Each structure stands twice: as C-alpha cells, then as structure tokens.
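Understanding the architecture of this molecule
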Amino acid sequence: MPNPTGNPATPTPAGTPAQVTQGSRTRGGIGESTLRPDGTLKVTGEFAYSSDMWHEDMLWGQILRSTTAHAEIVSIDVSEALAQAGVYAVLTHDDLPTDVTKYGLEYQDTPVLADRVVRHHGEPVALVAADHPETARRAAARIRVEYRELRVVTDEASALADGAPILHPHRDDHHAGHVAHPNIVHRQPVVRGDAAEAARRADVVVTGEYVFGMQDQAFLGPESGLAVPAEDGGVDLYVATQWLHSDLRQIAPVLGLPEDKVRMTLSGVGGAFGGREDLSMQIHACLLALRTGKPVKIVYNRFESFFGHVHRHPARLRYEHGATRDGRLTHISCRIVLDGGAYASASPAVVGNAASLAVGPYAVEEVDIEAVALYTNNPPCGAMRGFGAVQACFAYEAQMDKLAKALAMDPVELRQLNAMEQGTLMPTGQRVDSPAPVAELLRRVKARPLPPERQWESTAGADVRALPGGLSNTTHGEGVVRGVGYAVGIKNVGFSEGFDDYSTARVRMEVVGGQAVATVHTAMAEVGQGGITVHAQIARTELGVTQVVINPADTRVGSAGSTSASRQTYVTGGAVKNSCELVREKVLAIGRRRFGTHHPAWATAELLLEGGKVVTDGGEVLADLAEVLADEAVEIEAEWRHRPTQAFDLVTGQGDGHVQYSFAAHRAVVEVDTELGLVKVVELACAQDVGKALNPLSVLGQIQGGTTQGLGMAVMEEIVVDPKTAKVRNPSFTDYLIPTILDTPTIPVDILELADDHAPYGLRGIGEAPTLSSTPAVLAAIRNATGLDLTRTPVRPEHLTGTP
C-alpha cells in the first residue's frame, strides 16, 4: 500500500487480504486518499459550525450552574432575573412540562434541572432566555439560590465508608442487584483459573498501584445548538452531537412530545472524542424555545464547556503480575476503581471495557480482575476516546516494564514472548478470531532508527523549541538526559456486551443531468473523523459512479448509532456498503430487463458497475449506467448489523463480549531536564494494524491525532478537583493545558493491513487504539531517562525533581 508517512513501505505479514471486486477501477473509491469535502473550509475558517447558526428573531439561552458540589436547594428566587428588560423566560425544575425530569445514556439518573439537590459543581439549576447573550448572562447572575451544604463524596474511601451519603437513594436499574454498595454504579469481575495458586508458583511477582488523572476531551468547538419551535407544536433542533437518535430518545419524553415532533439535524461539529455522547444543552434549548415560541440558541463559553460535558474517568489501579524465570506470565490480578462522578453516563460500559481488557494484549491463563465505577460528587465522567482500556493500559504496561526489570529482560522481548496472537483466549473466554499482530507491531517500532542524539555541550544558536521547556527558554541543556520507552495496547471496536449495535443507510441512484448519481443518507455524526468521505468512497466502489451526494445527517433516516467506539466506518460503513449492494442488484435487474434479450452477457457474465458503466468481469462494456436507469430511480433504506455479542457474566466475566479488537504499539523518545522537571517528547513512533485502509491519509490522521491525545495525558492534561470541596480548579484553557504544535513531536507511522474476515472490506476500527499505548510509552521513556518509579499520569515537574 502507499505509505502516507513517506517512510519506505514494509511488507505486510501474512494475513487474509481484503477483497475488493466491485468498482475497483472507479476513481475515488476505497483504498485511495481522497480529499475531505469539508477540509478546505475548515482550514480556511469558512466552515459553518453549530455555534455559527443564526435565525431571525432568535433568543439566547443561558444556564445557571451550581457553585457548590453537594447541597440541598433551600430556595430559588427568579424575580430579579424576570424583571430585567429583554428577558423572555426563566425556568427551574418546577417549570418542566412533564413528570419525566431525568435523562441518561444507560440509566435515567441525570436531572434536566436540579431538583432539591445538586450533586456536582456546575450542575444546571435554572435557564434564561433573553434577546441578547449578555442580557441572558446578567439575568442568570440575578437568580438567587440558597444552598445548604452537604457532606461531599470525593473518593473510594468516602463513597464506601459506613455512613457515607447515598448519592442516588432511589436508584432503580437492572445492575443494582449485583453491587455491594449503592454508591457503586457498576461492578464487573473477570475470573479464570486460580490466580492465587498461580501466584504461589510464580518465580517472580511484581505489584504496583497507579493513579490516572481526569482528562477532558478539550474539543475546540464548544457545545452549541439552535432550537426552532414549529407550527405543529414540535421543535426542530440543530445541534453538534455524536448520536442523533440517542439524543432524540432522551429529549422527547422530557418535552412531552412524540419523537416524530422532535426533528434533529446535525450541525457543524468542532471535535467530540466522547464528550458529545451525553446531552448538554439540547433539552434546555428546546424547553426555552417551546416556552417562548421563538428560536433559541445556546452556545457555551469555554468555562461552561468544562462543566457541561463528561470527562475521562480518573482511576486508581492495583496490579499484580507473576512470571516464570524465563518470562512467561503465570497470572495477573488487579482491581480497577473508576470515579464516575455524580451521574452514571457511560460508566457501566467503561467498567466492562476496563475489566475485559485489563490484562492487555497478552496471553495469560490465570486472572482475577475486578473493575468498579463509583458515584461521587466529582464531575460526571463518561465516554472519552478509548474509554476504560486507556486507564488499564497505563497500568498493565507499567507492570510489564517493572516485570522486565525484575527478570533482567528486554522490555520489548518480554512483551513479544507473551504477546497474544490469532487464536488466543481472552480472559473473558472469547477467542481472538482475526489477526492479532502484537509481536510484529512491537518489532516494527523497535526496529525503526532512533532520532539522532543532540549535542548538549554547546547550545549556542540552538533552536530553543527543541529543548525541554521550549519557548520558555528555561534550560540550555544542563541536566538533560534521553530516555526510550515502549508500550502496546488492545481496544475493542464497536458496542459490546450484547448491545444491538446496528446502523441504517439510505442509498438512492438516479440520473441527473445525463449522469448516474448516487445519494447517501445516514444519521452518522461527522465529528471530524472523515466518515462522509468514506461513505462517498464506498458508494463509488460499490455503484461505479463518480458523482456521490452525501445528505445532511438527521433523524429523517434510521439510526446510525454513536460516533464512538471506533465503530462508524465498520458499522455505518457496513450499512452503506450493504444498501449500495442492494441498489446495485436492482440496477442490474433493470438492465437485464431492458437489454438482456440483446446481449447474452447480461444473463451469463459476472456484472460490475465501474466508471459509470455496466461491465463484465472481463472488462466488456455492456451499457452506460445512465442508459440503464433512464428515468427510473432506485432507493433502498436498510439496517445492517455486525455479528452479535454477549453480555459478560456478572460473577465470572465470561462471554463473547466484543465484536472486534484493534492493536497499536508506540516507541517514545524523550529528553528530560532532571533539574527543572521538564520533558520534551522528541519522537512518538507508532505501528498499527488497520485491517484495510479505506482512506490511507485519513487513517494516518486518526493515528497521529490519537497519539497526540495520549501524549497530552502523559505530561500535561488533567482536570484538577479539590479533594475537600469537589470543586473544579482549572476550567479553562489557561490552566488546563493541551498539546500545541510546539509540544507535538514527529509521529512516524507504520500501517499494517491484515484483514478481519468478519468486517466490511476486512477493515478494523482505528480511532482509539493509538490513544492507549502512547501514554504509557511516554511514561516508560521518562522512567528510562530518570530511573524514577513514576506511577501517576500526567507527570508533573515536581514528580521528576522531588520538590513539593
């Protein structure tokens, strides 16, 4: 395959090649790096994001949020806000139109507006609609809320202690019966064999406790949307989201409307990474629009955005690894405690991922795993790129390095010795039935030449951007040492544990202006991953047309599921492929009916659609597609599902819970100023199996983007929550730091294409895996440079210098 990094292409190891037999000669099909239709608009600043929407005579919505993390609401006085000129409405919980006042992805436990109690800092308490955004903000500031402070729950000890406040005393869900405490959202053990007995037989045992900080998705486009009341009593909502139909399912009951009267259209999304999977301003905008009879726009500022969406679960992880003297793993035991915050969000699924993937991409027979998520008064946590698997990977890769040191083995060789492969049995009892090139990925990153060593004896004229500390110009090379570290991770693809994970695609083919044109309509949320580009490529490949129209995503077509879990190219791409195949069969049937009596090949040959024509598999042209269709149009809307999965047993964790696995490995090269505690990541090389690169350039972008997000978690990104008050200390990009172009190193990538026979085109979901292994690779490199036993991420300067 063409290597988009410019590095020499290396032979792909033996595997099942992806078969593409239809439309392979149609330009712009799968396997090509076709340009994104939204790319130029985005880089020139002309793309219309959700926050850019406008409607004549619209109002502006504003949300009043709690200033405390846990308190009873004694009273709310809105009189001053209502008296302000330009204010059209002020709403509190008492003004909600139905008895359905809560929503949620899995459990309906999140209040639309706080009802008598607030459970986290920044929880929505009241809404304002006014004729100007500043008027709305001033009115919200005039709402008087009296709180009576309650005891806060901030960690495992305070959540599970005797007499701890029960944060959801009326909890009612299907998992509640298997947890030991009402402040546990979900618990998932995974047990196979006898880990305790294996520990007694092990020649070497290493243990470790690890802390993973709270990461924010930090998308650049804040939450925003526009709700427009309709003449039929319904509402049209234009919003930046990740899952239109899930939003619809949660919104309509609160409004007291049937789903067909809540019409949703995707607007421009400025990044997501899981942070838009939960509702933010959707219900609030609709409530204000229906109350005032006017369009209402809500746009969060950056401060609000930190409070308005879920974050990555912080975690505490306790691990034990055992091995024989020659390095074979004997057992792994661990306990993973995830802080779910005030509401459940996606915590149950995060727990399932953390538990089922807790040992990493390694073959080990004896395991004893427990993962739990807790309710606390910290900010709600939910979906974020690689959820659950990211936290586990940080810990199990640190353990593999610690085990290699105890065995005096090369850390890469230890990983390769224990690497899973196709046929390996997962701790859940599921057999890996597609390529799992873990050892090969590690070989590739290790074999790559290291970047040249810097000469620190003289830094006269040196580019300070190359030094730890960068443009701060704080070091001139004194005390700078280099380190190299490795990590590899495993991530599931798609929704798991028996979830009915499907997508819907409507495909239409007709003649426009004398040319055959395909139109693809799905509800897939394009959040920057390039899905609309891939859908056009699939349509060109399957239907042999050059002109493809992608309709805007909305709820007029069936659900496409969420743009998360690395699933959209697999599942909605599979749905588009399936609907295109059905359309193709209808088009060929029309051709046989019209021309079959004139040319026997219509009945006897294998027919393909390529380059706007009907051709035989031998290349003979039978007819123009436009000629075949004439004045007919063919349209199909169909659902498509991948193979089913199973729920994990709640006692043993056994079950075929995942549809597919993805793998990535990283090698990090860092330079550390040990005197100042500053880190410069020089290179972060990656190797990843993608099954089939439908668009190699987009694949490269996803891998490099995920790698950069993992780098941020390693050395700078963390939402800091006060352990006494549960208040967020740094809700801004001034104090919450993300990697800039100056922090991002060279990221060379090796792309493998080992087809998964169960997936469309043999593809493998790619977006999350690089986020797993990049963080522990950077930590491993810093340990290698400093000799420190770093057990917490992100690494701060004081962790490296030993100063408070």
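Going by the structure above, here's the rest.
Residues numbered from 1 in each chain as written. Predicted model: local features only at pLDDT ≥ 70, side-chain atom pairs only at ≥ 80, totals over all residues. Heavy atoms only, no water.

**So, the overall build of the protein chain**
For clarity, the threshold we go by: By definition, any uninterrupted DSSP run of H or I lasting at least four residues is a helix, any uninterrupted run of E lasting at least two residues is a strand, and each is numbered from the N terminus. Within these notes, the globule rule equals 2.2 Å times the number of residues to the 0.38 power, and the radius of gyration is based on C-alpha atoms. Between buried and exposed lies partly exposed: a residue is buried under 20% and exposed over 50% of the maximum accessible area for its type, with that area taken using a 1.4 Å probe on protein chains only. The contact rule is simple, with two residues in contact once any of their heavy atoms fall within 4.5 Å. Here the Shrake-Rupley method, with its probe set to 1.4 Å, supplies the accessible areas, and only the displayed protein chains count as covering residues. Residues scored as charged are limited to Lys and Arg (positive) and Asp and Glu (negative), so that His and the chain ends carry no count. By convention, the charge on Lys lies at NZ, on Arg at CZ, on Asp at CG and on Glu at CD.
A count of helices and strands for the protein chain gives 19 helices and 29 strands. For 804 residues, the compact-globule formula gives about 28 Å, and the C-alpha radius of gyration of the protein chain, at 27 Å, lands near that figure. Considered along the principal axes of its C-alpha atoms, the protein chain spans approximately 85 × 75 × 60 Å. Residues classed as buried in the protein chain amount to 62% of the 804 residues present. Residue pairs in contact within the protein chain that sit at least 24 positions apart in sequence constitute 79% of those at least 6 positions apart. Of the accessible surface of the protein chain, which amounts to about 29,700 Å², a share of 51% is contributed by carbon and sulfur atoms. Considering the protein chain, the positive charge centre built from 70 side chains and the negative charge centre built from 97 side chains are found 1 Å apart.

**Section: the packing of helix α13 (residues 531-543) against helix α14 (residues 568-595)**
The test is simple: Lines fitted to C-alpha atoms define the axes here, with helix axes fitted over just the stretch in contact, and angles between the N-to-C directions of these axes take values from 0 to 180 degrees. Each angle gets one of four labels, with under 35 degrees taken as roughly parallel, over 145 as roughly antiparallel, 65 to 115 as roughly perpendicular, and the rest as oblique. Each crossing gets its handedness from the near helix: less than a right angle anticlockwise from the far helix is left-handed, clockwise is right-handed. Amino acids outside the nonpolar list (Ala, Val, Leu, Ile, Met, Phe, Trp, Tyr, Cys, Pro) and the charged list (Asp, Glu, Lys, Arg) are all regarded as polar, and Gly is one of them.
Direction vectors running N to C along α13 and α14 enclose 30°, while the axes themselves pass 9 Å from each other. What the angle tells us is that α13 and α14 run roughly parallel. Every pair of crossing elements has a handedness; the one defined by α13 and α14 is right-handed. Contacts from Val534, His535, Ile538, Ala539, Glu542 and Leu543 in α13 reach Thr569, Thr572, Gly573, Val576, Lys577, Cys580, Glu581, Val583 and Arg584 in α14. Residues of the contact of α13 with α14, tallied by class, amount to seven nonpolar, four polar and four charged.

**Things to note about the sheet that holds strand β9 (residues 184-192)**
What counts, and what does not: Paired strands, as defined in this entry, are two strands with at least two bridges between them according to DSSP.
Taking strand neighbours across the sheet as the criterion, the six strands line up as β9-β17-β16-β15-β10-β29 in an open arrangement whose pairing is mixed. Each edge of the open sheet carries a strand with a single partner, namely β9 and β29 (792-793). Bridge analysis of strand β10 (residues 204-212) against β29 gives two bridges, and the strand direction is parallel. Looking at the pairing, Val211 lines up with Arg792 of β29.

**Some remarks on unusual backbone geometry**
In the segment running from Thr793 into Pro794, the intervening peptide bond is cis, with an omega of 5°. Relative to the assigned elements, Pro794 resides in the loop between β29 and α19 (797-801). Within the chain, Ala726 stands out as a residue other than glycine whose phi angle is a positive 60°. Its relative accessible area of 0% is what places Ala726 among the buried residues.

**What about helix α6 (residues 244-255)?**
Because an α-helix packs 3.6 residues into every turn, residues spaced three or four apart end up facing the same way. For the record, the criterion: Take the number of residues in a helix, subtract one, and multiply by 1.5 Å to get its expected span.
Counted at 1.5 Å a residue, the expected span for α6 with its 12 residues is 16 Å, and the 16 Å between its end C-alpha atoms agrees. Counting buried residues in α6 gives 10 out of 12 residues, a clear majority hidden from the surface. Along α6, the residues classified as buried are Leu244, His245, Ser246, Asp247, Leu248, Gln250, Ile251, Ala252, Val254 and Leu255. Each element contacted by the buried residues of α6 is listed here: β4 (102-103), β12 (235-239), β13 (262-266) and α7 (282-292). Two residues or fewer after α6 comes Gly256, characterised by a positive phi angle close to 75°.

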